[in-house]
Amino acid sequence: MLIGHIGISDRREKMIRKALKKVYHLLPLSEPMREKIRKKLKPIDNVGGGKVDIYGERLPRLNLEMPRKVSVIIPNYNYARYITERIDSIIFQTYPIYELIILDDCSTDNSVEIIKKKIESLQVDFPVSLIENEHNSGNVFAQWKKAFSVAGGDYVWIAEADDSSNARFLETVMKAFDDEKVVISYCESLTMDEENRLLMGDLRPWIDQFGCGKWDKDYVKDGVEEIGETMCINNTIANVSSAVFRNGDYSQYIEEAKRFKLAGDWYVYMRVLEHGKIAYNCQSLNYHRMQQQGLTLSTSHEKEFEEIVFLQNYALEHYPVSPAVKEKVLERRERERGRFGL
């Protein structure tokens, strides 16, 4: 649940404003769209933001005769600070879990100790296990690849260790799999900071870069059509924690994604969508954590721009894209060039 309009110190308010400005300036948008964002963020800025609290209300588990088998995989590396909440956010799901597997990539903090103690304390009706790497993989997609290889369920939720979620996340996104052609079902995400304070109520300003309003309502669409309509412009699944995949052999795509520093997830989504449909739910049931220091901030503008261009070109070459959408692809590219000063 969200607890809104709470009081905070001047120092905390300044930190939140700083984070909001960082998000705002990273968005490669037109001035009309920026004005919409300014209006949208103003109420949050005025009250200092709400606070995300998954412990405020426990909801009953759905009583389903034959729930779909969902494997939840948590890839973890040095997220001792957040791992307990992340595990709890999965335990609290109203939709039955088939299994929970935590992958630790040789963390140097006390993550493993916390995880082991947490597992020992759990009283759940599904298996929970920890798999520790002998050596650090050095690449997030190595953990994604392992996630699909160890998952025993028919559906895979890669729940990043620093994120969290609403208890009805799975209950909501799993409904879309009534359509047997859906391969990815995802929902809207809110953004919070390191202290769970709300930064943005949704990420639509991030993904709807031309203000088309597509993500204002739920939809199901053919995957290749989705790529040709919007995903060729930018990565429209902002956070992998917001998505559940129909399990399949995606190992080649994930292996190929290792070549990218930032845009590997975008590549994987496009390749998976070749196999079926995508479903979107407009409720912000995924809680994406934005931290002060992240990979994007430590990567050169040249590298980021290079990967954007590469993925756009890949989409233009491999999927049907109309001339009108191609113009948007090139417009976004030029926006990025200007933003990065290239």
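Quick notes on helix α3 (residues 80-91)
So, step 1. If you check α3, its first and last C-alpha atoms are 17 Å apart, about what 12 residues at 1.5 Å a residue would give, namely 16 Å.
So, step 2. Of all 12 residues that make up α3, 10 are buried, and the element is covered over most of its length.
So, step 3. On its buried face, α3 sits against β3 (70-76), β4 (99-104), α4 (111-121), β6 (155-158), β7 (164-165) and β12 (277-289).

Some thoughts on the pairing of strand β11 (residues 243-246)
So, step 1. Here β11 shows a buried face lined by A243 and F245 and a second buried face lined by V244 and R246.
So, step 2. Sheet analysis places β6 next to β11, joined by 3 bridges and oriented antiparallel. Opposite V156, over in β11, you have F245 as the bridge partner.
So, step 3. Here strand β8 (residues 182-192) pairs with β11 via 3 bridges, running antiparallel. Bridge pairing links S185 to V244 in β11.

Some thoughts on the side chain of N239
So, step 1. With respect to the helices and strands, the residue N239 is situated in the loop between α8 (223-231) and β11.
So, step 2. By relative accessible area, N239 is classed as buried at 3%.
So, step 3. At 3.2 Å, the side chain of N239 forms a polar contact with the side chain of D163.
So, step 4. Here N239 is in contact with E160, D163, S189, Y269, N286 and H288, once residues within four sequence places are set aside.

Examining the packing of aromatic side chains
So, step 1. Tallied over the entire structure, the rule returns 15 aromatic pairs.
So, step 2. Joined through ring pairs, the aromatic side chains of F141, W144, F148, F245, Y250 and Y269 make up one cluster.
So, step 3. Here the guanidinium or amino end of R259 rests over the ring plane of Y267, the centre of that ring lying 5.5 Å away.

Calculation notes
The written sequence of each chain sets the order in which its residues are numbered from 1. A pLDDT threshold of at least 70 governs which residues receive local features in this predicted model, and a stricter bar of 80 or more applies before side-chain atom pairs are shown or counted, although totals over entire chains, interfaces and linings include all residues. With hydrogens and water excluded, all non-hydrogen atoms of the structure serve as input to the side-chain values. Per the convention used, a helix needs a DSSP run of H or I reaching at least four residues, while a strand needs a run of E reaching at least two, with both numbered from the N terminus. Take the residue count of a helix, subtract one, and multiply by 1.5 Å to get its expected span. Exposure is judged per residue with a 1.4 Å probe applied to protein chains only, and the accessible area is read against the type maximum: over 50% gives exposed, under 20% gives buried, and values in between give partly exposed. Throughout, a contact is declared for two residues whenever any of their heavy atoms are within 4.5 Å. Note on pairing: two strands pair once DSSP finds at least 2 bridges between them. In the analysis that follows, any N or O atom pair within 3.5 Å is treated as a polar contact, provided that within protein one partner can donate a hydrogen and the other can accept it, and provided that, for residues neighboring in sequence, both atoms belong to side chains. Pairing of aromatic rings covers Phe, Tyr and the six-membered ring of Trp, with a centre-to-centre limit of 6.5 Å; geometry is then stacked below 30 degrees between planes, edge-to-face above 60, and tilted otherwise. Only Lys NZ and Arg CZ are tested; either one counts as a charge over a ring when it is within 6 Å of the ring centre and within 35 degrees of the ring normal.

By themselves these figures say nothing about function.
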